[in-house]
Amino acid sequence: MPATPLVSLVDSKTSEIIPPLLGASVTELTAWVQQQGQPAYRGKQLHEWIYQKGVRSLGDISVFSKQWRQELAEIPIGRSSIHHRAVAPDGTIKYLLQLADGQIIETVGIPTDKRLTVCVSTQVGCPMACDFCATGKGGYKRNLGRHEIVDQVLTVQEDFQQRVSHVVFMGMGEPLLNTENVLAALKCLNQDVGIGQRSLTVSTVGIRDRIRQLAEHHLQITLAVSLHAPNQTLREQLIPSARPYPLEDLLAECREYVEITGRRVTFEYILLAGVNDLPEHALELAKCLRGFQSHVNLIPYNPIAEVDYKRPTSDRIQAFVKVLKQQQIAVSVRYSRGLEADAACGQLRASKN
Ligand code: SAH
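Quick caveat: nothing in here was measured; it's all calculated off a predicted structure.

In terms of nonpolar packing, the biggest core is built from 113 residues, with Leu 46, Phe 132, Leu 289 and Leu 324 touching the most fellow members. With seven residues, the single largest contributor to this core is helix H6 (residues 179-193). When residues of this core are assigned to domains, at least three map to each of domain 1 (9-72) and domain 2 (81-341). If we ignore the near neighbours within four places in the chain, the residues touching Leu 46 are Leu 21, Leu 29, Trp 32, Val 33, Leu 58, Ile 61 and Phe 64.

Following this line, the structure appears as structure tokens:
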């Protein structure tokens, strides 16, 4: 008898079956094994083999009977394959992963001291077209499913032979344009893979109403907002998608996020020499954030081929930091890792260069 598909993974609109098991909870998996005429405890075993042992084919689950394994072998778990892998001198590894439909996405594994951080993609490409970002230059294909997001974490865990401690949703794509699958992946990474909510960070350029909607889930994750400019005029130049969403509206929504979740917001600010890195920009930024439970993360620009922005000198970076500190703004500088492997922030473009 062929195995029955997961009831909970049937698309209610089209009644089409969405087969990958990856992303399903232990309750969903238990319901599914019971439909196959198996005892409930098989659900727990299936869960352990998918998430803890990282099995790539259901046919390899040795605790199941031979006959059942044969039936299961054709049912996809939802794992990708590694299409290409590039190791940077600092140990950061960039992966090009091939999905079931042939699309390629990028994922980065970043080892630091005792941590292993994974930078996951949420879309194939990105529609936001930020002027300084390689992903935006390549156009947009589609959203990733929850299994395709979770798979990236399991793949890095398997390749490093080390448990992933942190996940940042800062790869290709805009997470809040794929909120449903991002929320499902966050839940799975927390409850099934076992990563603490506080070790999960979602980075967004800001989509109207979506930050508030995210807040209403009352998660303990970290929200990072890509601000990049202290006023609307400059922000629109760098981020065309910011045009219909004024900076003051975005900041008001971020304040609501803090009120609803009790978590402070991180503001990412890329530093582009001569564009947004002057002391007056720092002062203007401090004014925007006054009285706000926030943290500013400065990201010196990582070069991409299509544009001729420059990374500021370290003196200029330090001068910017100094102004923010004088204004009592919590600030840190993120020197992206993996620069030599084109694995740093903004350099992900699904090519092997
Ligand atoms: N779409 C989301 C997440 C992806 S980008 C967002 O915009 O937040 C993750 C971070 O890398 C963002 O802050 C983004 O602005 C930044 N980034 C993009 N291109 C960059 C570049 N060339 N150098 C440094 N940071 C960059």
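If you walk through the whole model with that rule in mind, you get four aromatic pairs. Taking the centre distance of 4.5 Å and the plane angle of 45° together, the rings of Phe 64 and Trp 68 count as tilted. The same class applies to Phe 64 as to Trp 68, namely buried. Between Phe 267 and Phe 292, the ring centres sit 5.4 Å apart and the planes meet at 85°, which makes this aromatic pair edge-to-face. Placement of the pair is Phe 267 in strand S10 (residues 265-271) and Phe 292 in the loop between helix H10 (279-289) and strand S11 (294-300), with a sequence separation of 25 residues. Phe 292 shares its class with Phe 267; the two are buried. Against the face of Trp 49 rests Lys 53, its NZ or CZ located 5.1 Å from the ring centre.

Turning our eyes to something else, we now look at the state of the cysteines. This model, assessed by the stated rule, comprises zero disulfides. Unpaired in terms of disulfides, Cys 133 finds its nearest cysteine sulfur in Cys 130, a separation of 6.2 Å. No disulfide involves Cys 188; its sulfur sits 18 Å from that of Cys 119, the nearest cysteine.

Here we take up the packing of helix H1 (residues 26-35) against helix H2 (residues 41-51). It is at 8 Å that the axes of H1 and H2 come closest, and there the two elements cross at 125°. Judged by the inter-axis angle, H1 sits oblique to H2. Between H1 and H2 lies a crossing of right-handed hand. Taking contact as the criterion, the partners of Val 26, Leu 29, Thr 30, Trp 32 and Val 33 in H1 are, on H2, Arg 42, Gly 43, Lys 44, Leu 46, His 47, Ile 50 and Tyr 51. A class-by-class count of the residues in the contact of H1 with H2 yields seven nonpolar, three polar and two charged.

What follows is about the site of the ligand. As a structural note, the neighbourhood of the ligand is formed by 19 residues, with Phe 132, Ser 203, Ser 226, His 228 and Asn 302 the closest of them. With respect to the ligand, the backbone of Phe 132 contributes an N or O atom lying 2.9 Å from a nitrogen atom. Within the backbone of Asn 302, an N or O atom sits 2.9 Å from a nitrogen atom of the ligand. Considered on its own, the ligand offers 540 Å² of accessible surface; in the complex 96% of this is hidden by protein. Those elements that provide at least two residues to the shell around the ligand are strand S8 (200-204) and S10. The residue inventory of the shell around the ligand, partitioned by class, reads nine nonpolar, eight polar and two charged.

This next bit is on the domain arrangement of the protein chain. Along its sequence, the protein chain is carved into domain 1 (9-72) and domain 2 (81-341). Put simply, the middle of domain 1 and the middle of domain 2, counted by C-alpha atoms, are 33 Å apart. In this assembly, 13 residues from domain 1 lie in contact with twelve residues from domain 2. Here domain 1 packs against domain 2, burying approximately 1100 Å² in sum over the two surfaces, 48% of which is carbon and sulfur. When the buried area of domain 1 at its contact with domain 2 is split by residue, Leu 22, Tyr 51 and Arg 56 rank highest and sum to 49% of it. Counting the contacts that link domain 1 with domain 2 gives two salt bridges. Ionic pairing is found between Glu 158 and Arg 56, a salt bridge with its closest N-O pair at 3.1 Å. Remark: the boundary between domain 1 and domain 2 carries five residue pairs in polar contact (both at pLDDT 80 or more). Put simply, the parts of the chain that give the side of domain 1 that touches domain 2 at least two residues each are H1 and H2. Tallied by class, the residues present in the side of domain 1 that touches domain 2 amount to seven nonpolar, four polar and two charged.

What counts and how
Residues numbered from 1 in each chain as written. Predicted model: local features only at pLDDT ≥ 70, side-chain atom pairs only at ≥ 80, totals over all residues. Heavy atoms only, no water. Core = buried A, V, L, I, M, F, W, Y, C linked by side-chain atoms within 4.5 Å. Buried < 20%, exposed > 50% of the residue type's maximum accessible area, 1.4 Å probe, protein only. Helix = DSSP H or I, 4+ residues; strand = E, 2+ residues; numbered from the N terminus. Domains from an automatic or database assignment. Contact = heavy atoms within 4.5 Å. Phe/Tyr/Trp six-rings, centres within 6.5 Å; stacked < 30°, edge-to-face > 60°. Lys NZ or Arg CZ within 6 Å of the ring centre and 35° of its normal. Disulfide = S-S within 2.5 Å. Axes fitted to C-alpha atoms, helices over the stretch in contact; angles between N-to-C directions. Parallel < 35°, antiparallel > 145°, perpendicular 65-115°, else oblique. Left-handed = near helix turned anticlockwise from the far one by under 90°. Nonpolar A, V, L, I, M, F, W, Y, C, P; charged D, E, K, R; others polar. Near = heavy atom within 4 Å. Polar contact = N/O pair within 3.5 Å; in protein donor to acceptor, adjacent residues only side chain to side chain. Areas by Shrake-Rupley, 256 points an atom, 1.4 Å probe, with all protein chains shown as cover. Buried area = accessible area lost by both parts, 1.4 Å probe. Salt bridge = Lys/Arg side-chain N within 4 Å of Asp/Glu carboxyl O.

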